[in-house]
Amino acid sequence: VHHDHMSVFDMTYWAKEGNHPGGSYNIKKWTDTYRDVFLTFPSVHPLRPGSNHPISRWENNMQKFPYVGRYGDDILIRDLPNELRTDAVTAFYDDSLNKDQS
C-alpha cells in the first residue's frame, strides 16, 4: 500500500486553469459530474492508453498539494492548511454556526 493511500490533499492548484497538463476540466469533472472525491494513482485510461497516469506522476507533483489529513479522520479548522482556512470553509463546517444560538 502506498504511503499516501487514504490521505486527503487540497487539489486546488490543479483545478485552476492552466496548471494541470490535461486542463482543469480533467480534475474538476470527478466532483462536478460524478460527485467523486477520490483521485486514483496509478491509473489506466480505458480508451486512451497514452493518457495513463503512472505513480511517478503523483510523486513528481505531490508537493503542489497541501496535505489536509487522513480520509475519515476528524480535523479542526485551525489545523487546515492556510489556503483552506477561508470564511466559506469555516461557515460550511463550523457546527456552532448551525446550532440554535437562542
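On a predicted model such as this, the values are computed, not experimentally measured, just so you know.

1. A word on the confidence of the model for the protein chain
Now for step 1: Counting all residues, the mean pLDDT for the protein chain is 82, and 85% of those residues have values of 70 or more.
Now for step 2: Mean pLDDT values over the elements of the protein chain span from 82, in helix H2 (residues 25-32), up to 94, in strand S2 (residues 67-70).

2. Regarding the packing of aromatic side chains
Now for step 1: Applying the stated criterion across every chain, the model contains six aromatic pairs.
Now for step 2: Between the aromatic rings of Phe9 and Tyr67, the centroid separation amounts to 5.6 Å while the plane-to-plane angle is 70°, which identifies the pairing as edge-to-face. One end of the pair, Phe9, is in strand S1 (residues 7-9); the other, Tyr67, is in strand S2, and 58 residues separate them in sequence.
Now for step 3: With relative accessibility at 16%, the residue Phe9 sits in the buried group.
Now for step 4: Aromatic pair Tyr13 and Phe65: ring centres 6.4 Å apart, planes at 65°, arrangement edge-to-face. With Tyr13 in helix H1 (residues 12-15) and Phe65 in the loop between helix H3 (55-61) and S2, the pair connects residues that are 52 residues apart, well separated along the chain.

3. Here we look at unusual backbone geometry
Now for step 1: Unusually for a residue other than glycine, Met6 sits at a positive phi of about 70°.
Now for step 2: For Met6, the position within the fold is in the segment before S1.
Now for step 3: In this structure Met6 comes out as partly exposed when scored by relative accessible area, which is 32%.

Thresholds applied
- Residues numbered from 1 in each chain as written.
- Predicted model: local features only at pLDDT ≥ 70, side-chain atom pairs only at ≥ 80, totals over all residues.
- Heavy atoms only, no water.
- pLDDT = per-residue confidence, 0-100.
- Helix = DSSP H or I, 4+ residues; strand = E, 2+ residues; numbered from the N terminus.
- Phe/Tyr/Trp six-rings, centres within 6.5 Å; stacked < 30°, edge-to-face > 60°.
- Buried < 20%, exposed > 50% of the residue type's maximum accessible area, 1.4 Å probe, protein only.

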